[in-house]
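Each chain is listed here by its residues.
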Amino acid sequence: MIFVIKAVFAIAILTVLFGLRHLDFGDAGTVEFIEGDHKTLVVYGPPLGGRASRPDLEKLIRESWPTADMLVPTYTHEWASNIDPYHLTSMIESSIRTAYDKHSYEKIILFGYSTGGLLLRKAYLWGHGLEDRPDARARGGHPWVDSVDRFVSLAAPNRGWPDHKPKNLNGYLYAIGYTAKQVGYLTGTGQFIASLMQGSPFVANMRVHWIDLFRTWESSHSRRLPLIIHLLGEKDELVDREDSIDFEVVAPGNVIIKTLEGLSHAEIAALLYREDGRTLSPAGEAIKMSLTRAREEFPPYWADKLGRLQTDPAVTQLIFVMHGIRDESTWPAEVKRSIEKQIGDRAATVKVIPPLYRRFAMLPFLLYWDRQENVRWFMDQYIQARAMYPNVDTMDFIGHSNGTYILASALQRYPVLKVRNVFFAGSVVPAHYDWATLMSGERVTGRVWNICADKDWVVAIFPQFFQQISDLMKLKAEPGFFDIGSAGFRGFRHGSGDEGRLLNLKYISGGHGAAVKIAMVEPIATYVAADPNLDFVQLWRPGDRPEPSALEFASNLSWLIWILGVSVIVAAGFLMYQFGRWWLLAYAVLMLGVLMTV
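Residues numbered from 1 in each chain as written. Predicted model: local features only at pLDDT ≥ 70, side-chain atom pairs only at ≥ 80, totals over all residues. Heavy atoms only, no water.

1. Focus: the side chain of Glu 58
Part 1 of the argument: As for its placement among the helices and strands, Glu 58 is situated in helix α2 (residues 55–64).
Part 2 of the argument: Taking relative accessible area as the criterion, Glu 58 reaches 13% and is therefore assigned buried.
Part 3 of the argument: Contact partners of Glu 58, with chain neighbours within four places excluded, come to Ile 34, Tyr 44, Arg 51, Met 70 and Val 72. (Helix = DSSP H or I, 4+ residues; strand = E, 2+ residues; numbered from the N terminus. Buried < 20%, exposed > 50% of the residue type's maximum accessible area, 1.4 Å probe, protein only. Contact = heavy atoms within 4.5 Å.)

2. Observations concerning the packing of helix α3 (residues 85–103) against helix α4 (residues 115–127)
The description of two helices packed together rests on the angle between their axes and the distance between the axes.
Part 1 of the argument: Viewed as axis vectors pointing N to C, α3 and α4 meet at an angle of 60°, and their least axial separation amounts to 9 Å. Our classification of the angle between α3 and α4 gives oblique. The hand of the α3/α4 crossing is right-handed. In this structure, α3 contributes Pro 85, Tyr 86, Leu 88, Thr 89, Ser 90, Ile 92 and Glu 93 to the contact, and α4 contributes Leu 119, Leu 120, Lys 122, Ala 123, Trp 126 and Gly 127.
Part 2 of the argument: Taken together, the residues that form the contact of α3 with α4 break down as eight nonpolar, three polar and two charged. (Axes fitted to C-alpha atoms, helices over the stretch in contact; angles between N-to-C directions. Parallel < 35°, antiparallel > 145°, perpendicular 65-115°, else oblique. Left-handed = near helix turned anticlockwise from the far one by under 90°. Nonpolar A, V, L, I, M, F, W, Y, C, P; charged D, E, K, R; others polar.)

3. Let's talk about a nonpolar patch on the surface
Part 1 of the argument: On the surface, Trp 559, Leu 560, Ile 563 and Leu 564 cluster together into a nonpolar patch covering about 360 Å² of accessible area.
Part 2 of the argument: Summarising the element assignment, Ile 563 is placed in helix α19 (residues 558–579). (Patch = residues over 30% accessible without salt bridge, like charges linked within 9 Å, V, L, I, M, F, W, Y side chains within 5 Å. Areas by Shrake-Rupley, 256 points an atom, 1.4 Å probe, with all protein chains shown as cover. Salt bridge = Lys/Arg side-chain N within 4 Å of Asp/Glu carboxyl O.)

4. What to know about the pairing of strand β9 (residues 255–260)
Residues in a regular strand project their side chains so that they alternate between the two faces of the sheet.
Part 1 of the argument: Where burial is concerned, most of β9 is hidden: five out of the six residues are buried.
Part 2 of the argument: Where strand β8 (residues 227–233) and β9 come together, six bridges link them in parallel fashion. Paired with Ile 228 across the bridge in β9 is Val 255. (Pairing = 2+ DSSP bridges.)

5. Quick look at helix α8 (residues 282–292)
Part 1 of the argument: Residues of α8 that are buried include every one of Ala 283, Gly 284, Ala 286, Ile 287, Met 289, Ser 290 and Leu 291, and no others.
Part 2 of the argument: If you follow the buried residues of α8, they end up packed against α2, β6 (107–113), β7 (148–154), β8 and β9.

6. A few points about the sheet that holds strand β2 (residues 31–34)
Part 1 of the argument: Sheet architecture is open: seven strands sit in the order β2-β4-β3-β6-β7-β8-β9, paired in mixed fashion. Lying at the two open borders of the sheet, with one neighbouring strand each, are β2 and β9. With strand direction ignored, the average angle separating the axes of adjacent strands in the sheet is 15°.
Part 2 of the argument: When β7 meets β8, the two strands line up parallel, connected through five bridges. Paired with Ser 153 across the strands is His 230, a residue of β8.
Part 3 of the argument: α8 rests against β6, β7, β8 and β9 of the sheet, and its axis sits at about 155° to β7.

7. Some thoughts on the sheet that holds strand β13 (residues 422–425)
The pairing of strands in a sheet comes from backbone hydrogen bonds and takes either a parallel or an antiparallel form.
Part 1 of the argument: The sheet built from six strands is open, its strands ordered β11-β10-β12-β13-β14-β15 with parallel pairing. Strands with a single pairing partner mark the edges of an open sheet, and in this sheet they are β11 (350–353) and β15 (502–508). Along the sheet, successive strands turn relative to each other by an average axial angle of 15°, direction set aside.
Part 2 of the argument: Docked against the sheet, helix α9 (residues 331–343) engages β10 (317–322), β11 and β12 (394–400), running at close to 155° with respect to β10.

So, in structure tokens, the structure goes:
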């Protein structure tokens, strides 16, 4: 009987871990067309719970435009949903295109609440031909976007759903959300929300395209820009006011941001009518105004005070400096100081962005979803910089250890990202990483220096294990569990087209941090700030290239070292179990603590 209970328990655990990921927890639905006079089309993007979760909101839209045609997606999903946002967006954009081709609308109104606002903004950019769909097919622009009169965003997370704690969210709810996110990672659920996180490809590519579109439009487009309106509750616990910086790149006369007093994220779309069910509340009035009034009809006192985004047009070059997972040394600050000293009068044109992401331990680094948190953080910082520095045309990158992974993974997942010169030290990127394709596609326009140290046992042993599995299975260098490797010890393998631009320096003397010692700060700074043709081989003792024969042998046996290490941990756990279950539990807690701190 005990065996049966254990078997049932084990099956239940396996079902949770590997079965839930195949469920959608919702319905992608279709896009319903509600017929009107065929002169105006209103497109409504419902929130996460679908249109049925906010019936008064759809009622208000119909009252605001009673004779207009209307498109409403019928999707419905919950927090555990795995529905693909790219699929939903494609369905919405194609429905708008079909309706426009049939009726040639004089005016199109886009209105999205919460996640619906993100989907509609993406569809609008796709309508302009600014594509980033995973199938990578170029579709071009469509004429329906020229009829868009306004885009109204109601409590939409314009920067994506936050990884951090928003200022109005209490700690208890944040802890629940954080736990749910970790459960989602383990069970493969909640992929819809995960796809809309700050810095995710869906959101980051969208924000860069938005910034580029409106900056180009303002300077060269002959047609009047659409009116952009963003309504936000004062007590919104999911979206901060500061999350809409990319909206503010739109010319001041074409963007309105309005904070509604006393309302949370849910209340802004729920408290629309007074008790009689007919008279609009202040929130209802604000939404109706946003949907119907011409831009010159808004009272000057109505919206938040909004000036021109305080940008710095003098900056033309960004330099990112990224450290490793446990690196607390001062080398990034020293590199920054050296760059500023070398460029002298050009200091106003160069912005050095230092590493600000959190330190984390070896265990999270080995987990793909934890590694990706820092990639999303980097892309979020990149987009903020793009908004603040409109004339940037060059980005250079200096990375050590996990910092190298951040750029390499971002280049794979974000087609909007481009970089000129790259300096890698102690790299944990796979040796078979495809630099050649990035260079031929002009995603990497300069040179890549990869510095390898002869005593870098960190790279030679730990990520080398993943490299060996990748090589054994002949995997391509793609995002996923095996997207780390030992290029920082063994060097990158060359591909067709990267000759003379992908440069390995093998080897310098020292350990994992040898290439970012203070003595080498000045040449690193010179490479990204003054002389991209700098030859690091000549700088690092050209007549003395150490050969790490002993470590290279150990690196070839990294799989054995891993097996021995895991075996010791498991054997100790089995020994603890012999003393009792509480001893095993204490041991498990201890090991987790160790792995989460080393």
